[in-house]
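# Understanding the architecture of this molecule
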Amino acid sequence: IVLMGGLGADDKSALEKIKDRGKLVVGTSAGFPPFEMLNTSAAGGVEGIDMDVAKAIADALDVELEIKNYDDFSVLITALQNGKIDMVIAGMTITDDRNESATFSMPYYKADQALVVLKSNTDILSTADLAGKVVAVNTGTTGQYYIEDNLPDVGEMKPYGTASDTFQALSGNKVDAVIIDSPVAANYISDTNPYKIVETIETNEFYGIAMSKNNSEDLVTEVNKILEDLIDSGEMEKIISKWSQA
Ligand code: ARG
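Below is a short write-up of the structure. These numbers come from a predicted model, not from an experiment. (Residues numbered from 1 in each chain as written. Predicted model: local features only at pLDDT ≥ 70, side-chain atom pairs only at ≥ 80, totals over all residues. Heavy atoms only, no water.)

### Examining the overall build of the chain
Within the chain, the regular secondary structure consists of 10 helices and 12 strands. Here the C-alpha radius of gyration of the chain, 19 Å, is about what a compact globule of 246 residues would show, namely 18 Å. Each of the three principal axes of the chain carries a C-alpha extent, and together these read 65 × 40 × 30 Å. When burial is assessed residue by residue, the chain has 49% of its 246 residues classed as buried. Long-range contacts, defined here as pairs at least 24 residues apart, represent 70% of the contacts in the chain between residues at least 6 apart. With the model as given, the accessible surface of the chain reaches about 11800 Å², and the carbon-plus-sulfur share is 49%. (Helix = DSSP H or I, 4+ residues; strand = E, 2+ residues; numbered from the N terminus. Rg over C-alpha atoms; globule rule 2.2 N^0.38 Å. Buried < 20%, exposed > 50% of the residue type's maximum accessible area, 1.4 Å probe, protein only. Contact = heavy atoms within 4.5 Å. Areas by Shrake-Rupley, 256 points an atom, 1.4 Å probe, with all protein chains shown as cover.)

Listed below in structure tokens is the structure:
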């Protein structure tokens, strides 16, 4: 039985499965600019830094790309574990907890957290002023964990499935502040938007691509090679500046 099991389809490696299928299935959660944004006219309905990286990986593997967008960031790891997707590319920070349930690629982006309030707000100047305040976070993210671990005085933490929903809650006066990844916060700052960043919280996070822990050594090795090539060739810089505001 053990020997027969060795011939079963389930024993194909993660990379073999993708190649046989001729398609790479990437899970993401849009509304997280400049990494993933909904755009009906984009291939797969989502565009941004992560989607260009996804396309580069699919191209290098010589397979088609399918994007599965989830309206709730916090379900991505479960989708990965259930085999619904081959990898998560979603500005996902490599953390010890997530390392228990997924294998990460090498890091491809560094980020911190940022505290964002309305331009009109005069009483929140830093995280020290959040006592009793209502703070929006993207559900199941490192912003949420930062509050849980470091800001016990926050009055109420409101989780939203997408990052863009946290900003809508802020402009709609449903919350007093947002704590979110710094590059995403920066993306929302403009002359015409009502937001300002009052503090950057140096959490020193690194984004990685999450893959299944199940028989994925060859896929992880391949993805790391592709990422290294993107970084060494300068292509990653190009992708990042293409989507980042001047
Ligand atoms: N970097 C943070 C984390 O890993 C936030 C990621 C949110 N990504 C997204 N596509 N909504 O927890």
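### Quick notes on the site of the ligand
As a structural note, the neighbourhood of the ligand is formed by 15 residues, with Gly91, Thr93, Arg98, Thr142 and Asp181 the closest of them. The separation between a nitrogen atom of the ligand and a polar main-chain atom of Ser29 is 2.9 Å. Against a free-state accessible area of 350 Å², the protein chains account for coverage of 100% of the ligand. Split into classes, the residues belonging to the shell around the ligand amount to five nonpolar, six polar and four charged. (Near = heavy atom within 4 Å. Polar contact = N/O pair within 3.5 Å; in protein donor to acceptor, adjacent residues only side chain to side chain. Nonpolar A, V, L, I, M, F, W, Y, C, P; charged D, E, K, R; others polar.)

### A look at the environment of Asp20
With respect to the secondary-structure elements, Asp20 resides in helix α2 (residues 14-21). Considering only alpha carbons, one finds Asp20 and Ser126, 106 residues apart in sequence, at a separation of 52 Å. In terms of polar contacts, Asp20 uses its side chain to reach the side chain of Lys12, at 2.7 Å.

### Description of the packing of helix α3 (residues 49-61) against helix α9 (residues 217-232)
Put simply, α3 and α9 touch, their axes get as near as 10 Å, and they point 115 degrees apart. Crossing hand, α3 versus α9: right-handed. Where α3 approaches α9, its residues Val53, Ala56, Ile57, Ala60 and Leu61 are matched on the opposing element by Glu222, Val223, Ile226, Leu227 and Leu230. For the contact of α3 with α9, a count of residues per class yields nine nonpolar, no polar and one charged. (Axes fitted to C-alpha atoms, helices over the stretch in contact; angles between N-to-C directions. Left-handed = near helix turned anticlockwise from the far one by under 90°.)

### Focus: the sheet that holds strand β8 (residues 134-138)
Strands sit in the order β9-β8-β10-β7-β11 across an open sheet of five strands; the sheet is mixed. Each of the sheet's edge strands pairs with one partner strand only, and the pair in question is β9 (156-160) and β11 (195-207). The average angle at which neighbouring strand axes cross in this sheet is 20 degrees, direction not considered. Strand direction decides the pairing type here: β8 and strand β10 (residues 177-181), joined by two bridges, are parallel. Paired with Val135 across the strands is Ala177, a residue of β10. Across the sheet, helix α7 (residues 163-171) lies against β7 (109-118), β8, β9, β10 and β11, angled at about 160 degrees from β10, the strand it touches most. (Pairing = 2+ DSSP bridges.)

### Looking at the side chain of Thr139
As for its position among the elements, Thr139 is in the loop between β8 and α6 (142-150). Within the structure, the side chain of Thr139 is placed 3.5 Å from the backbone nitrogen of Gly161, a separation counted as a polar contact. Residues in contact with Thr139, not counting those within four places in the same chain, are Asp72, Phe73, Ser74, Gln144, Pro159, Tyr160 and Gly161.

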